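# Close look at the chain arrangement
Listed below, chain by chain, are the residues.
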Amino acid sequence: MKLTYLFHSGFAVEGKTFTLIMDYFRDTDQGFVRTHLPRFAGRVYVLVSHWHPDHFNPEILEWKRLRPDIQYLFSKDLLDRRKAGPADADYLEKGDRWSDGVVSVRAFGSTDVGVSFLVEAEGKRLFHAGDLNNWHWNEESTAEEVQAAERDFLAEVALLAQSSGRLDLAMFPVDARLGKDYMLGAEQFVDRVPVAVFSPMHFTSSYNAAEAFRPYAEHAGCRFIGWKAKGESIDF
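In every chain, residue numbers begin from 1 and rise along the written sequence. Only residues with pLDDT of 70 or above have their local features reported here, since the model is predicted, and side-chain atom pairs are shown and tallied only from 80 upward, although totals for entire chains, interfaces and linings are computed over all residues. With hydrogens and water stripped out, all remaining heavy atoms of the structure feed into the side-chain values.

### Comments concerning helix α4 (residues 184-192)
Since the α-helix turns once every 3.6 residues, residues separated by three or four places project in the same direction. Defined as follows: Buried, partly exposed and exposed residues are distinguished by accessible area as a fraction of the type maximum, computed with a 1.4 Å probe on protein chains only: under 20%, between the cut-offs, and over 50%, respectively. Labels follow the DSSP assignment, with helices taken as runs of H or I lasting at least four residues and strands as runs of E lasting at least two, numbered in each case from the N terminus. By the convention used here, residues are in contact when the closest approach between their heavy atoms is within 4.5 Å.
When α4 is considered as a whole, its buried residues turn out to be G185, A186, Q188, F189 and V190. Looking at the buried side of α4, the elements it contacts are β10 (124-128), α3 (143-164), β11 (169-173), β12 (197-201) and α6 (214-219).

### Looking at the sheet that holds strand β2 (residues 10-14)
Quick reminder of the rule: Whether two strands pair depends on DSSP finding at least two bridges between them. To get an axis, a line is fitted to the C-alpha atoms, and for a helix only the part in contact is used. The angle between two axes follows their N-to-C directions and goes from 0 to 180 degrees.
The strand order across the open sheet built from seven strands is β6-β5-β4-β3-β2-β1-β14, with neighbouring strands paired in mixed fashion. Bordering the open sheet on either side are β6 (90-92) and β14 (233-235), each of which pairs with just one other strand. The mean inter-strand angle of the sheet, taken between neighbouring strand axes irrespective of direction, is 20°. As defined by bridge partners, strand β3 (residues 18-22) adjoins strand β4 (residues 43-48) across five bridges and the pair is classed as parallel. When the sheet's bridge partners are listed, I21 is paired in β4 with V46.

### Re the packing of aromatic side chains
Aromatic ring pairs: the centre-centre distance and the angle between the two ring planes describe each pair. Here is the rule: Centre distance within 6.5 Å is the pairing criterion for rings of Phe, Tyr and Trp, where only the six-membered ring of Trp is used; planes under 30 degrees apart are then read as stacked, over 60 as edge-to-face, and the remainder as tilted.
One pass over the structure, following the stated rule, counts 21 aromatic pairs. Geometrically, the ring pair formed by Y5 and W227 is stacked, given 5.6 Å between the ring centres and 20° between the ring planes. With Y5 in strand β1 (residues 2-7) and W227 in the loop between β13 (223-224) and β14, the pair connects residues that are 222 residues apart, well separated along the chain. Residue class for Y5 comes out buried when judged on its relative accessible area of 0%. Between Y24 and W63 the ring centres are 4.8 Å apart and the planes differ by 80°, which places this aromatic pair in the edge-to-face class.

### Details of the environment of K83
Turning to its location among the elements, K83 is positioned in the loop between α2 (76-80) and β6. Separated by 31 residues in sequence, K83 and H52 place their C-alpha atoms 10.0 Å apart. Non-local contacts of K83, meaning those with residues more than four positions away in its chain, are made with W51, F56, L61 and L78.

### Overview of the environment of S110
Our working rule: Identification of polar contacts relies on pairs of N or O atoms within 3.5 Å, with a donor-acceptor requirement for protein atoms, meaning one able to donate a hydrogen and the other able to accept it, and with residues adjacent in sequence counted only if both atoms are side-chain atoms.
Considering the arrangement of structural elements, one finds S110 in the loop between β8 (103-108) and β9 (116-121). Each C-alpha atom, one on S110 and one on T17, is 29 Å from the other, the two residues being 93 residues apart in sequence. Those residues in contact with S110 that sit more than four places away from it in its chain are V115, D131 and L132. For S110, the side chain forms a polar contact with the main-chain oxygen of D131, separated by 3.4 Å.

### Brief notes about unusual backbone geometry
Across residues other than glycine, the phi torsion is negative in most instances, and most of the peptide bonds are trans. The phi dihedral of R82 is positive, around 60°, even though this residue is not glycine. Looking at where R82 falls in the secondary structure, it is placed in the loop between α2 and β6. Overall, R82 belongs to the exposed group, its relative accessible area being 77%. Here the phi dihedral of T204 falls at roughly 45°; this positive angle occurs in a residue that is not glycine. Among the residues examined, T204 registers a relative accessible area of 28% and is labelled partly exposed.

### Observations concerning the pattern of salt bridges
Convention followed: The working definition used for a salt bridge is a side-chain nitrogen of Lys or Arg within 4 Å of a carboxyl oxygen of Asp or Glu.
This model, assessed by the stated rule, comprises 14 salt bridges. Linking R43 and D100 is a salt bridge whose minimum nitrogen-to-oxygen distance equals 3.4 Å. Separated by 57 residues along the polypeptide, R43 in strand β4 and D100 in the loop between β7 (97-99) and β8 bring together distant segments of the chain. With a shortest N-O distance of 2.6 Å, E156 and K94 are connected by a salt bridge. With E156 in helix α3 and K94 in the loop between β6 and β7, the pair connects residues that are 62 residues apart, well separated along the chain. With a relative accessible area of 12%, E156 lands in the buried category. One connected set of salt bridges, linked through shared partners, spans E211, R214 and E218.

Have a look at this one:
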């Protein structure tokens, strides 16, 4: 399979029988999605974890003009907030499952809005965290708020670990805007969930901040993907 970094939390995963586009926010400067959409292999599945504008761009609903076979799988909060209509997508909440025999998707929770996605396809397990993370700002939050954020996060990670087994690929936030403990959630994640390949996300253009997680990820047994630019691809 091939993984392409689009921007922020946006990725494309290409297999032999499918293509996933997840949390598309902005295309690459070279127009990777715009160029490849008509000829992506297999069926195209577009997953959106929640309505935040850095995870959902409404232009994706226009893609069905180029790919009538496209399948949209959205978190239900997009429907609730009227970002999309009932006929635009299949909607998932935490605990929901969706499958068409090619791709299977299970929605897990988030510690912000929406869901995270566990995808199984061609014998591999892929996890996109959406906004699931240990979101806290020690410099700004109270001790009680920090403890609550961590408790909620670790509960979701425990549920994933019990359900998934080893992940072939995990796309997970490493966002320096959180302050001095910005890697804590990622550390706790790889400590609890076996991950073969770890891709940071949600770092906008802070490539060096994301790269700083490499030693911890590799110590945990992960192959770490250090993105340097939008549009880069790796095979896994």
